[in-house]
Amino acid sequence: MKRERILELLEQRRFKELREELETMHPVDIVEMLEDFDTRRAILIFRLLAKEDAAEVFTDMNSDMREDLINALTDSELEEVMDEMYVDDTVDVLEEMPANVVDRLLMATDEETRKKINVLLQYPEDSAGSIMNVDYISLRKEMTVAEAILKIRQVGINRETIYTCYVTEKKKLIGAVDVKDLLTAGESRLIEEIMDENVLCAATLDDQEDVAKTIKKYGLVAIPIIDHENCLVGIVTVDDAMLVLQEEATEDISIMAGVSPNEDSYFGTSVIRHAKNRSLWLMLLMLSATVTGEILGRYEGAMAVMPVLITFIPMLMGTGGNCGSQSSTLIIRGLAVGEIQLKDIFRVIFKEIRVALVVSFLLALVNGLRIYIMYGQNIMLSLALGITMMAVVVVAKSIGCTLPLLAKKLGLDPAIMAAPLITTILDTCTILVYFNIVTVIFHLKG
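Remember, predicted model here, so these are calculated numbers, not experimental data.

So, about the overall build of the protein. From N to C terminus, the protein includes 22 helices and six strands. Put simply, the protein has 446 residues, and 44% of those count as buried. Carbon and sulfur atoms provide 58% of the accessible area of the protein, an area that totals close to 24400 Å².

In structure tokens, the structure reads:
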């Protein structure tokens, strides 16, 4: 409804009413609406936005729309937008843009902002330093509450958050104070008297995902970032932490599906790029299946004597792969949210084996009855498949829970050990377990 109203006002060139309508919309909703418009309309609407809203809309846009907009805006319009953006958001935009666009964006910023941007761009991509905001409110311990409130009023409009202020001495972080405490304390009290000296902080080179998890764990609005000399250099706010966790979750989902991670949106990624991201994993998994084929070839004699054995292979391989995927998914999720640590590996294996025994008994019982009924009350065949089913499930769940933990131990992303890879590994294990059991029970030659 809102979209149709905006389009109507735009086509009728009723720009005053259109501006008023846009002022009632949240910047995120404006971005979603602009994605459905052609470039001409999107640029026209963007020019009607208030400066503060325009900066936020610009930050939330996808890289393609942002680049089109940059090419259409004049230098003065671009400078107005850049002046309203926070430095950490500006850095995020620059990292996604081509070199020629970056040069133009930097030209639209003042010298002081460019220095801040260059500092942030020098930090490793996945570090806390790369996502921190260098604009924060710093107080001195000898300030009175009245002086601190006055400073917040003077500089707060240019800071991303004012809810927590940081107390520094010779640039070193010595405490923090919430605005709530300032507003409820007597004006003559010193900051030193009300500040909290036990401040959670992170280092510039800390992994940004660990910092985001700390913010989530302790319910922080922001966390201060210190350098190697323990000097306060910036803060990471909760909105940046949420974005990091979202990106990490997206990356894990991609890896778990056997797709190379990609920062662009689904529709913003070309067909060739999609194919490239998926082909490598599919090729590796396809070639690894050659091992399973070679093992099957070793048991041609057994299959020739008892052709019925072939009919159970898909069921066993499917069950093994599903059991392994269940375990690996739960462990990967536990590692991601911090429920499971590397030191818990033996507890995890012990628990999964107990779960496997219960699950495998139920599956073996149902499958054994099915085979007994369908294959002429062949008790030995039912017994062989029941034992195989139990062994396959135990092996699958043991491997499924162990591999993600080993990947973490080796410094790899545990998400690598997800459904595609686990299934391929377990296909080979299932064949080995199956034919070793049936050849012993039925006295067959491999």
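With that settled, consider the UniProt feature "transmembrane region" (unreviewed entry) in the protein. The feature "transmembrane region" (unreviewed entry), as annotated in UniProt, sits at residues 353–373, 379–406 and 418–444 in this numbering. Between the end C-alpha atoms of residues 353–373 there is a gap of 30 Å, over a span that is 100% helix and 0% strand. Along residues 379–406 the backbone is 100% helical and 0% strand, and the end-to-end C-alpha distance reaches 40 Å.

Regular strands show a simple pattern: their side chains alternate between the two faces of the sheet. Of all five residues in strand β5 (residues 222–226), five are buried, a share of seventy percent or more. Burial along β5 is two-sided: Ala 222, Pro 224 and Ile 226 and Ile 223 and Ile 225, pointing in opposite directions, are all buried. Here β5 pairs with strand β6 (residues 232–237) via five bridges, running antiparallel. Note on β6: the bridge partner recorded for Ile 226 is Leu 232. Connecting β5 to the antiparallel partner β6 that follows it, the hairpin turn spans five residues, and Asn 230 within it adopts a positive phi of roughly 65°.

A word on the sheet that holds strand β4 (residues 202–203). Read from one edge to the other, the open sheet built from three strands follows the order β4-β5-β6, with strand pairing classed as mixed. Because the sheet does not close on itself, it has two edges, and the strands there are β4 and β6.

The next subject is the pairing of strand β2 (residues 164–169). Summarising burial for β2: five of the six residues are buried, a large majority. Pairing between strand β1 (residues 138–139) and β2: two bridges, direction parallel. Looking across to β2, one finds that Leu 139 is bridged to Val 167. Of the strand pairs in this sheet, β2 and strand β3 (residues 172–178) are connected by six bridges, and their pairing is antiparallel. Bridged to Glu 169 within β3 is Lys 172.

Next up on the list: the confidence of the model for the protein. Considering every residue of the protein, the mean pLDDT works out to 82; 89% of them sit at 70 or more. Per-element confidence in the protein ranges from a low mean pLDDT of 67 for helix α9 (residues 99–107) to a high of 92 for β4.

What follows is about the side chain of Asp 227. Within the element layout of this structure, Asp 227 appears in the loop between β5 and β6. This buried residue, Asp 227, is left without a salt bridge; Lys 172 holds the nearest opposite charge, at 6.6 Å. A distance of 2.9 Å separates the side chain of Asp 227 from the backbone nitrogen of Cys 231, its partner in a polar contact. When residues no more than four places from it in sequence are discounted, the contact partners of Asp 227 are Thr 204 and Val 233.

If you walk through the whole model with that rule in mind, you get eleven salt bridges. For Glu 17, the salt bridge identified is with Arg 5, shortest N-O distance 3.6 Å. With Glu 17 in helix α2 (residues 15–23) and Arg 5 in helix α1 (residues 2–11), this residue pair connects regions lying twelve residues apart in the sequence. Note that Arg 41 and Glu 11 form a salt bridge whose closest N and O atoms lie 2.7 Å from each other. In this pair, Arg 41 sits in helix α4 (residues 39–48) while Glu 11 sits in helix α1, placing the two residues 30 residues apart along the sequence. For Glu 11, a relative accessible area of 47% corresponds to the partly exposed category. Linked by salt bridges that have partners in common, Arg 5, Arg 14, Glu 17 and Glu 21 make up one network.

Before going further, it helps to spend a moment on a nonpolar patch on the surface. On the surface, Tyr 372, Ile 373, Met 374, Ile 379, Met 380, Leu 383 and Ile 387 cluster together into a nonpolar patch covering about 690 Å² of accessible area. Here the nonpolar patch gets four residues from one element, more than from any other, and that element is helix α21 (residues 379–409). Looking at the element boundaries, Ile 373 is found in helix α20 (residues 345–374).

All right, on to α1 then. Restricting attention to buried positions, one finds in α1 the residues Ile 6, Leu 7, Leu 9 and Leu 10. Buried positions in α1, seen along its axis, are confined to an arc of 165° and lie on one side of it. Phi turns positive, to about 55°, at Arg 13, one or two residues after α1.

Now for the packing of helix α19 (residues 313–337) against α20. Here α19 crosses α20 at 155°, and the two axes come no closer than 12 Å. Judged by the angle between their axes, α19 and α20 are roughly antiparallel. As α19 packs across α20, the resulting crossing turns out to be right-handed. Each of Met 315, Thr 319, Ser 327 and Ile 331 in α19 lies in contact with α20, whose residues at this interface are Val 348, Glu 352, Leu 363, Asn 367 and Arg 370.

Moving on to the packing of aromatic side chains. Across all of its chains, the model carries four aromatic pairs by this definition. With centroids separated by 6.5 Å and ring planes inclined at 55°, the aromatic side chains of Phe 46 and Phe 58 adopt a geometry described as tilted. Of this pair, Phe 46 sits in helix α4 while Phe 58 sits in helix α5 (residues 51–60), and the two are twelve residues apart along the sequence. What makes Phe 46 buried here is its relative accessible area of 4%. An aromatic cluster of at least three residues, connected via ring pairs, comprises Tyr 299, Tyr 434 and Phe 435.

Calculation notes
Residues numbered from 1 in each chain as written. Predicted model: local features only at pLDDT ≥ 70, side-chain atom pairs only at ≥ 80, totals over all residues. Heavy atoms only, no water. Helix = DSSP H or I, 4+ residues; strand = E, 2+ residues; numbered from the N terminus. Buried < 20%, exposed > 50% of the residue type's maximum accessible area, 1.4 Å probe, protein only. Areas by Shrake-Rupley, 256 points an atom, 1.4 Å probe, with all protein chains shown as cover. UniProt positions renumbered as here; feature names shortened; annotations may be inferred. Pairing = 2+ DSSP bridges. pLDDT = per-residue confidence, 0-100. Lys, Arg positive; Asp, Glu negative; His and termini not counted. Salt bridge = Lys/Arg side-chain N within 4 Å of Asp/Glu carboxyl O. Polar contact = N/O pair within 3.5 Å; in protein donor to acceptor, adjacent residues only side chain to side chain. Contact = heavy atoms within 4.5 Å. Patch = residues over 30% accessible without salt bridge, like charges linked within 9 Å, V, L, I, M, F, W, Y side chains within 5 Å. Arc of directions from axis to C-beta. Axes fitted to C-alpha atoms, helices over the stretch in contact; angles between N-to-C directions. Parallel < 35°, antiparallel > 145°, perpendicular 65-115°, else oblique. Left-handed = near helix turned anticlockwise from the far one by under 90°. Phe/Tyr/Trp six-rings, centres within 6.5 Å; stacked < 30°, edge-to-face > 60°.

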